[in-house]
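Observations on chain architecture
Each chain, written out:
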Amino acid sequence: MPQVSISLPFDLTPQHLRVVLKYFEKTERLIPPEWKMALRAFDLLNKGTIKIERRQMSFQQFYDRHVDRPYADDFIARLMKLEDLEKAETLQQKTAFEILAMLEREGFYKENLVSSEYLAAYCLYWWISFAKGYRFELSIFRDLKASGIAFVAHDLRKRSERRSPYDLLVLRQVGDIKNTTYFLYSARALPLNRDFYITRLYHSQRRRYLTVVLMAKAAWRRLNGAVPTALLETAASLFPQPVQITFEGQDFVIVPFDLWKDKVKKRQQEEI
Amino acid sequence: MSKSRFDKAFASFIRRGEEKITPKTFFQVLAEIEQERVQKTIELRIKIIKGKLRFEASPEIYVHDDAIVLGNQRIVVRMS
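Residues numbered from 1 in each chain as written. Chains lettered and ligands numbered in written order. Predicted model: local features only at pLDDT ≥ 70, side-chain atom pairs only at ≥ 80, totals over all residues.

Here's the deal with the overall build of chain B
Secondary structure assignment for chain B yields two helices and five strands. Each helix and strand of chain B, ordered N terminal to C terminal, gives the series α-α-β-β-β-β-β. Relative to its length of 80 residues, chain B is extended, with a C-alpha radius of gyration of 24 Å against a globular reference of 12 Å. The principal-axis extents of the C-alpha atoms in chain B amount to approximately 70 × 30 × 20 Å. The buried share among the 80 residues of chain B stands at 20%. (Helix = DSSP H or I, 4+ residues; strand = E, 2+ residues; numbered from the N terminus. Rg over C-alpha atoms; globule rule 2.2 N^0.38 Å. Buried ≥ 20, exposed ≤ 12 C-beta atoms within 10 Å, placed from the backbone.)

Okay, structure coming up:
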């Protein structure tokens, strides 16, 4: 076994570490300030370091080398072969357990290695985020195709294209498809500068996920629809009706995916 | 914290499936993020001198002519 040591970033507090554990134990019991803290904690963990013999790398570099490169392409290839994407959850879980087993086998996650649980937490957080994200993205691409919407998408099978600045182009508007947690992570860490984002929210009354499209106001204007304005604090009460919100000085309209598709299809037919 | 507690948490997380983030939580987290980012508002005053934009000196942030210096960034504001 190689000599391994792990250091966490100095600005990662015991509070951050507690909320990381709560994220894995009871995600649904996280309250909004804890969500924000968990997203911040996973961001800070990018800067954690692992020293393997003489070689030192950040958690981000470790993930890239030991998780993304060996597992991502194969996962995407298998995912794309599935006709029924419901079966992808089993594949996602199986790969996550394989990654955890690899970390233990290689001596990167073990009882007497201080902070190795946070390296494992980091790898699992990003793996699950990656896998859920591409499952969702592929389901959207298939839905758009079946709905007859014209779009250009990046090629998920190519690593370089997966890192392209946007996921798809519809009506000359650039958009991203993100599962909910990753959307919130991005909203915290990066400016929301795409024309639209496709994500999904859990509708408690209907007991199912609803896909929604969050659009910059200008992008929505192009689809020609009027919507009521709400504060972030009150927007949920209007859901799933379309609603306009302001986030960090920028106006967005959030609409159900099916309504967005109808509007896009109508506009694309007008342009023919 | 013990490895066995993390082992259990990881296994349940992997098997749990999707997080059920409701619209209420979603918008509240966005509000939290926004609140965290905007911790302080600095008001800057400008004058137009001979057709050029000029910031008035501020005790809170370094400005010079038409530029704001923020950390290692210089933000130049131009009139279109």
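Digging into the confidence of the model for chain B
Residues and elements named next belong to chain B. Residues of chain B with pLDDT of at least 70 account for 91%, and the chain-wide mean is 84. The spread of mean pLDDT over the elements of chain B runs between strand β5 (residues 73–76), the lowest at 81, and helix α1 (residues 3–16), the highest at 93. Among the scores for the predicted complex, ipTM is 0.85 and pTM is 0.82. (pLDDT = per-residue confidence, 0-100.)

So, the domain arrangement of chain B
Once the domains are mapped, chain B shows domain 1 (3–37) and domain 2 (46–76). When each unit is reduced to the centre of its C-alpha atoms, the spacing between domain 1 of chain B and domain 2 of chain B is 41 Å. (Domains from an automatic or database assignment.)

Points about the domain arrangement of chain A
Residue and element names in this part refer to chain A. Looking at chain A, the domain boundaries give domain 1 (4–139) and domain 2 (165–271). Of the residues lining the interface, ten residues belong to domain 1; the matching set on domain 2 comes to ten residues. Listing elements by their share of the side of domain 1 that touches domain 2, those giving two or more residues are α2 (32–45) and α5 (116–146). For the side of domain 1 that touches domain 2, a count of residues per class yields four nonpolar, two polar and four charged. (Contact = placed C-beta atoms within 7 Å. Nonpolar A, V, L, I, M, F, W, Y, C, P; charged D, E, K, R; others polar.)

Focus: the packing of helix α1 (residues 14–25) of chain A against α1 of chain B
Geometry of a packed helix pair, given as the angle between the helix axes and the separation of the axes. As a packed pair, α1 of chain A and α1 of chain B sit with axes 7 Å apart at the nearest point and diverge in direction by 45°. One element, α1 of chain A, and the other, α1 of chain B, form an angle in the oblique class. Here α1 of chain A contributes Leu 21, Phe 24 and Glu 25 of chain A to the contact with α1 of chain B, which in turn contributes Ala 9, Phe 10, Ser 12 and Phe 13 of chain B. Tallied by class, the residues present in the contact of α1 of chain A with α1 of chain B amount to five nonpolar, one polar and one charged. (Axes fitted to C-alpha atoms, helices over the stretch in contact; angles between N-to-C directions. Parallel < 35°, antiparallel > 145°, perpendicular 65-115°, else oblique.)

Details of the packing of α5 of chain A against α1 of chain B
Running from N to C, α5 of chain A and α1 of chain B point in directions that differ by 5°, and their axes come no closer than 11 Å. Judged by the angle between their axes, α5 of chain A and α1 of chain B are roughly parallel. Of α1 of chain B, the residues touching α5 of chain A (which contributes Glu 117, Ala 120 and Leu 124 of chain A) are Lys 3, Phe 6, Phe 10 and Phe 13 of chain B.

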